[in-house]
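For reference, the chains in residue letters:
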Amino acid sequence: MDRLRAMELFLSISQTRNFSETARRFGISATGVSRMITDIEEELKVKLLLRSTRQIALTESGQEYARQLEGILWRINELQSNITAISTAPQGSLRVHSRMMFGLGVLPQLIAGFRKLYPEIHIELTLGEAAVDLRRNQFDVDFRISPPVEAGVKRRMLFQSDRYLVASPGYLAGKPGLDEPESILAHDCLAYQLPGDDYTWFFKQQDQLRPVAFRPRHITNSGIALLELARLGEGLALLDDYTVHNDIRQGRLLRVLGDYRISNKGFDEGMYATILDTPIVPAKIRLFLDFVAERVAGPELRFLAHGKAAGLDAAPPAAS
């Protein structure tokens, strides 16, 4: 029995619950698929599938076997790809996921510049506000604003950022002053949507932390929408410093309560490039991360990166 092929067939059946579909995937007969599953059950001396004329169900042992196979087969495929990548020029698809603000304001310009240096690497960019499971969702890189906490991944911190509380000059005209955290309660506050119905901003000064709960005027799950609402004079918005830098510089927005560090979650946020923790980092991933880091990493470059080319004509990073 081809044990590796049998494992691949069983994992496919666990996903499709269909012998015929698996047979089509692998170009063999449904009878052949069934025979190989029977062989692997006999070898393991355990029932993996419950079969009937109408459906296929996994036993408890089958569910555990499928769960572990997913990681094992992924690592086998990844190992083959990594070894091949060592001896070939960087090429292939690079699947990148990013938070919306960074993905729209920074990455398109960088991707365009990266293509000029490495035309055989094709980038698929997906944007979303939630972190993704790199292995399950098959992404190579995920740009997150919080450090990853799950096992099996590693991070590269591009920069740490602060949150600024901002509003348009038109909104602030004639409104009550803002001289302490509780002053926000006399204002319209624009909130980023988080789980639950309670909204709190945390104000930190030296070692003192002052939480202020408020009732939002508007709520959105998009940082871009939050920025636009602030520009339109709808109220106070809490946004990453590098995303409002140009608006503040050009006078479209004003920063308030600047003596405090402010957050709606924690104070360790910034931009983290997250990848799977593998023995060998594929060349296409390493080159892309080096390219991005050289142009946005650090306390100053992050302000230059948002909304502009961020030095795309600079020399490429040295290969290692």
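Everything below is about the structure shown above.
Residues numbered from 1 in each chain as written. Predicted model: local features only at pLDDT ≥ 70, side-chain atom pairs only at ≥ 80, totals over all residues. Heavy atoms only, no water.

With 28 residues, the main nonpolar core has F102, V141, F143, L158, M271 and F288 as its most contacted residues. Among the elements of the structure, β3 (92-98), α6 (107-117), β5 (141-144), β6 (153-160), β15 (270-276) and α11 (283-296) are those that each provide at least two residues to this core. Looking at this core element by element, the count peaks at eight residues for α11. For F288, the residues in contact, after removing those within four places along its chain, are L94, V96, I111, F114, I123 and F143. Formed by 20 residues, the second largest nonpolar core is a distinct cluster that contains A6, I13, A23 and I56. (Core = buried A, V, L, I, M, F, W, Y, C linked by side-chain atoms within 4.5 Å. Buried < 20%, exposed > 50% of the residue type's maximum accessible area, 1.4 Å probe, protein only. Helix = DSSP H or I, 4+ residues; strand = E, 2+ residues; numbered from the N terminus. Contact = heavy atoms within 4.5 Å.)

With respect to burial, β15 is a largely interior element, seven of its seven residues being buried. As defined by bridge partners, β5 adjoins β15 across three bridges and the pair is classed as antiparallel. Its bridge partner being in β15, R144 is matched across the sheet by Y272. Of the strand pairs in this sheet, β6 and β15 are connected by seven bridges, and their pairing is antiparallel. Considered in β15, the bridge of K154 is made with I275. (Pairing = 2+ DSSP bridges.)

Before going further, it helps to spend a moment on the pattern of salt bridges. Evaluated as defined, the whole model comprises 22 salt bridges. One salt bridge connects E8 with R5, and the closest N-O pair in it is separated by 3.2 Å. Here R5 and E8 lie together in helix α1 (residues 3-16), a separation of three residues that amounts to about one turn. Under the relative-accessibility criterion, E8 is labelled partly exposed at 25%. The partner of R144 in a salt bridge is E150, and the shortest N-O contact between them spans 2.8 Å. Look at R144 and you get buried, because its relative accessible area is 7%. (Salt bridge = Lys/Arg side-chain N within 4 Å of Asp/Glu carboxyl O.)

Below, the discussion takes up the packing of aromatic side chains. Here the structure, examined in full by the defined rule, presents eleven aromatic pairs. One aromatic cluster in this structure is built from F102, F114, Y118, F143, F159, Y242, F288 and F291. Here the basic side chain of K175 rests over the ring of Y171, its NZ or CZ set 4.6 Å away from the ring centre. The ring of F291 has R295 sitting right over it, with the charged end atom 3.6 Å from the ring centre. (Phe/Tyr/Trp six-rings, centres within 6.5 Å; stacked < 30°, edge-to-face > 60°. Lys NZ or Arg CZ within 6 Å of the ring centre and 35° of its normal.)

As far as function goes, none of this settles anything; it's purely spatial.
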